[in-house]
Amino acid sequence: MPVEVVNQSGRPMSLCRYRRMAGVLLRIAGLGHMHLGLLFTDARGITKINRQWFGRQGPTNVISFPMEDPGILGDVVICVDRAAEEAEQGLTTLENRVMELLIHGLAHLMGEDHELGDEHARRMAEKELELRDSLIMEGLMADLCINVDHIATIRQARGGNEPDPVLAAGIVELAGADGVVVHLREDRRHIQDRDVRIIREVVKTRLTLEMAATDEMIGIASDLKPDIVTLVPEKRQELTTEGGLDVKSLEDSVADAVKRLHDAGIPVSLFVDPEPDQIEASSRTGAECIEIHTGRYADAPGAAEQDMEFEQIVKMAGMASDLGLRVHAGHGLNYMNTARLAAVSEIVEFSIGHAVVARASLVGLERAVREMLALVKGTA
Ligand code: PXP
């Protein structure tokens, strides 16, 4: 991963958040493929570094170490104790102050130096402001969209009307999710036409419709007008979507589907495996987005295989982003394997379903039993 973060500050720091922050800043600056080291240290640590490398006494807030290596930008060392003091004095949050110091350190690594005179100081301040504004515009953390198909799967098991994915969509939004995802399958095994119609009406955030690129589905999407369509492959026998869309082999027909959806005013994402051929083909279809299939990463049998799949996703996310595609990710992500991906700055949205519904069935079980007990015992 291009950004490596080490925390020796003795304070809890979200490595995921700062790794992503640094990654977004590098990308904004056009340095997305450069490696950066970010070290959080305490007052003692930075005092030592300050003395050892610069012969200066006492602590400071940030120090940059540029590297000569063409692939490595350098290291930024931030003193979290000093950042916390400055945050208090400046009436800002620690995270905000750390962000300012990171930007300052990065500006140094990009060759700016305010100590060389007024003109240099003005130029550096301008650069820092530009980076800060772009970071805010870009939005720091990825969006989370929740797939409610699995609620519908439980409903369909009894053929009745509960639990209702429409209510689930409302709860998902109330909980703060950035969007709702439904997959209307050709065989209607979980989500039904009625569900998507009502969910489209009630969702106030964003609705993603996952679907196969068939005439029927393109017709439904064109009437429904979801905020985005994600084209997925569909096999009747599969338990869930098994692999990415083979855009490389189906480029013409996918491009045609993308065009028809665009004609209906709907942006399109393509669900693809993290493979260079698939991503290059995706960019040629005119789609504005890809969703990286994270199944191989999620199902990796061991740590080494998972590391390999992770690195592949990082590489492919960078490649897609360079080609001008927005990058989403999903499939098989759960409470153990998501945080690592959330630090990948090119991934701007996650689509997660099964793990959230599975967790809900357990964390909600106690309350559900208590409510039924109250009815049975007459204490309701
Ligand atoms: N993205 C796509 C394209 C999918 O088909 C699915 C599965 O419905 C998901 C994301 C979510 O996967 P999971 O339910 O494993 O979180």
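How each quantity is defined
Sequence order as written defines residue numbering, which begins from 1 separately in each chain. Owing to the predicted nature of the model, reporting of local features is limited to residues with pLDDT of at least 70; listing and counting of side-chain atom pairs is limited to 80 or more, with chain, interface and lining totals taken over all residues. Remark: hydrogens and water are excluded; side-chain values derive from all non-hydrogen atoms of the structure. Numbering of helices and strands runs from the N terminus; a helix is a DSSP stretch of H or I covering at least four residues, while a strand is a stretch of E covering at least two. Here a residue-residue contact requires only that any non-hydrogen atoms of the pair lie within 4.5 Å. Throughout, the Shrake-Rupley method with a 1.4 Å probe supplies accessible areas, and for residues the shown protein chains are the sole cover considered. Charged residues are defined here as Lys and Arg on the positive side and Asp and Glu on the negative side; His and the ends of the chain fall outside this count. To locate a charge, take NZ of a lysine, CZ of an arginine, CG of an aspartate or CD of a glutamate. Where each domain begins and ends follows an automated or database-derived domain assignment. Reported buried area values correspond to the accessible surface (1.4 Å probe) lost by two parts on association, with both partners' losses combined. For this document, the term salt bridge refers to a Lys or Arg side-chain nitrogen within 4 Å of an Asp or Glu carboxyl oxygen. Identification of polar contacts relies on pairs of N or O atoms within 3.5 Å, with a donor-acceptor requirement for protein atoms, meaning one able to donate a hydrogen and the other able to accept it, and with residues adjacent in sequence counted only if both atoms are side-chain atoms. We call Asp, Glu, Lys and Arg charged. Ala, Val, Leu, Ile, Met, Phe, Trp, Tyr, Cys and Pro are nonpolar, and the rest, Gly among them, are polar. Think of each axis as a best-fit line through the C-alpha atoms, taken over the contacting stretch in the case of a helix, with angles from 0 to 180 degrees between the N-to-C directions. Any angle from 65 to 115 degrees is called roughly perpendicular, while one under 35 is roughly parallel, one over 145 is roughly antiparallel, and all others are oblique. Note: crossing handedness is left-handed where the near helix turns anticlockwise from the far helix by less than a right angle, and right-handed where it turns clockwise. Accessible area is worked out with a 1.4 Å probe on protein chains only. A residue is then buried under 20% of its type maximum, exposed over 50%, and partly exposed in between. Here, a strand pair is defined by DSSP locating no fewer than two bridges between the strands. The crossover handedness rule: strands pointing away from the viewer, path from first strand over the helix to second strand clockwise, crossover right-handed. One less than the number of residues in a helix, times 1.5 Å, gives the span that helix is expected to have.

J.: Would you explain the overall build of the protein chain in this entry?
T.: When its secondary structure is counted, the protein chain shows 16 helices and 12 strands. Judged by the C-alpha coordinates and their principal axes, the protein chain covers about 75 × 65 × 40 Å. Look at the contacts in the protein chain between residues 6 or more apart in sequence, and 65% of them connect residues 24 or more apart. Within the structure as shown, the protein chain displays about 19,200 Å² of accessible surface, and the carbon and sulfur contribution to it stands at 54%. The averaged location of the 61 negative side-chain charges in the protein chain is 5 Å from the averaged location of its 40 positive side-chain charges.

J.: Honestly, the domain arrangement of the protein chain in this entry has me stumped. Any pointers?
T.: By a frequent convention, interface size equals the accessible area lost on bringing the separate parts together. Looking at the assigned domains, one finds that the protein chain contains domain 1 (3-138) and domain 2 (143-376). The C-alpha centroid of domain 2 is placed 36 Å from the C-alpha centroid of domain 1. Facing seven residues of domain 1, the contacting portion of domain 2 comprises 10 residues. The contact between domain 1 and domain 2 buries some 710 Å² in all, and 46% of this surface belongs to carbon and sulfur atoms. Together, Cys-16, Arg-20 and Arg-27 form the three largest contributors to the area buried by domain 1 at its contact with domain 2, with a combined 68%. Counting across the interface, domain 1 meets domain 2 through one salt bridge. The partner of Arg-27 in a salt bridge is Glu-346, and the shortest N-O contact between them spans 3.9 Å. Between domain 1 and domain 2 we count six residue pairs in polar contact (both at pLDDT 80 or more) in total. For the side of domain 1 that touches domain 2, the residue count by class is two nonpolar, two polar and three charged.

J.: Would you mind showing me how to read the packing of helix H7 (residues 165-174) against helix H8 (residues 193-202) here?
T.: Geometry of a packed helix pair, given as the angle between the helix axes and the separation of the axes. The geometry of H7 relative to H8 is characterised by a closest axis approach of 9 Å and an angle of 30° between their N-to-C directions. Taken together, the axes of H7 and H8 are roughly parallel relative to one another. In this structure, H7 meets H8 at a crossing whose hand is right-handed. Contacts between H7 and H8 pair Pro-165, Val-166, Ala-169 and Glu-173 from the former with Arg-194, Asp-195, Ile-198, Ile-199 and Val-202 from the latter. Per-class residue counts for the contact of H7 with H8 are six nonpolar, no polar and three charged.

J.: What is the right way to read the pairing of strand S10 (residues 289-293) from this model?
T.: Regular strands place side chains that alternate from one sheet face to the opposite one. Counted residue by residue, S10 has five buried out of five residues, so it is predominantly covered. Of the two faces of S10, both are covered, the one formed by Cys-289, Glu-291 and His-293 as well as the one formed by Ile-290 and Ile-292. Here four bridges tie strand S9 (residues 268-272) to S10, and the two strands are oriented parallel to one another. Of the residues in S10, the one forming a bridge with Val-272 is Ile-292. Crossover connection from S9 via helix H11 (residues 276-284) to parallel S10: handedness right-handed. In the sheet, S10 pairs with strand S11 (residues 326-330) via five bridges, with the strands oriented parallel. In the sheet register, Cys-289 faces S11, and the bridge partner there is Arg-326.

J.: Looking at this structure, how should I read the sheet that holds strand S4 (residues 72-79)?
T.: Strand pairing in a sheet takes place through backbone hydrogen bonds and is either antiparallel or parallel in direction. Reading across from one edge, S1-S2-S4-S3 is the order of the four strands in this open sheet, with mixed pairing throughout. The open sheet is flanked by strand S1 (3-7) and strand S3 (62-66), the only strands paired with a single partner. Ignoring strand direction, the axes of neighbouring strands in this sheet form an average angle of 15°. Taken together, the seven bridges between strand S2 (residues 35-41) and S4 define a ladder with parallel strand orientation. Looking at the pairing, Gly-37 lines up with Asp-75 of S4. This element, helix H1 (residues 15-28), spans S1, S2 and S4 of the sheet and lies at about 145° to S1. In this fold helix H2 (residues 43-54) packs onto S2, S3 and S4, with an angle of close to 45° to the strand it touches most, S3.

J.: How should the pattern of salt bridges be read in this particular structure?
T.: Side-chain pairs of opposite charge can arise whenever the charged atoms involved come near each other. Enumeration according to the criterion identifies 30 salt bridges in this entry. Of the charged contacts, one joins Arg-17 and Glu-95 as a salt bridge, the two residues approaching to 2.7 Å between their closest N and O atoms. Of this pair, Arg-17 sits in helix H1 while Glu-95 sits in helix H4 (residues 94-109); the two residues are 78 residues apart in sequence, bridging distant segments of the chain. You can call Arg-17 partly exposed: its relative accessible area is 28%. Judged by its relative accessible area of 26%, Glu-95 is partly exposed. Linking Asp-263 and Lys-259 is a salt bridge whose minimum nitrogen-to-oxygen distance equals 2.9 Å. One end of the pair is Asp-263 and the other is Lys-259, both in helix H10 (residues 251-263) and four residues apart, which spans about a single turn. Look at the salt bridges and you will find they share partners, linking Arg-82, Glu-86, Arg-97, Glu-100 and Arg-132 into a network.

J.: Explain helix H5 (residues 118-138) to me, please; I cannot follow it from the model alone.
T.: Note on helix geometry: an α-helix contains 3.6 residues per turn, so any two residues three or four positions apart are oriented the same way. Counted at 1.5 Å a residue, the expected span for H5 with its 21 residues is 30 Å, and the 30 Å between its end C-alpha atoms agrees. Contacts made by the buried residues of H5 are with H1 and H4. Positive phi appears at Gly-139, one or two residues downstream of H5, with a value of about 80°.

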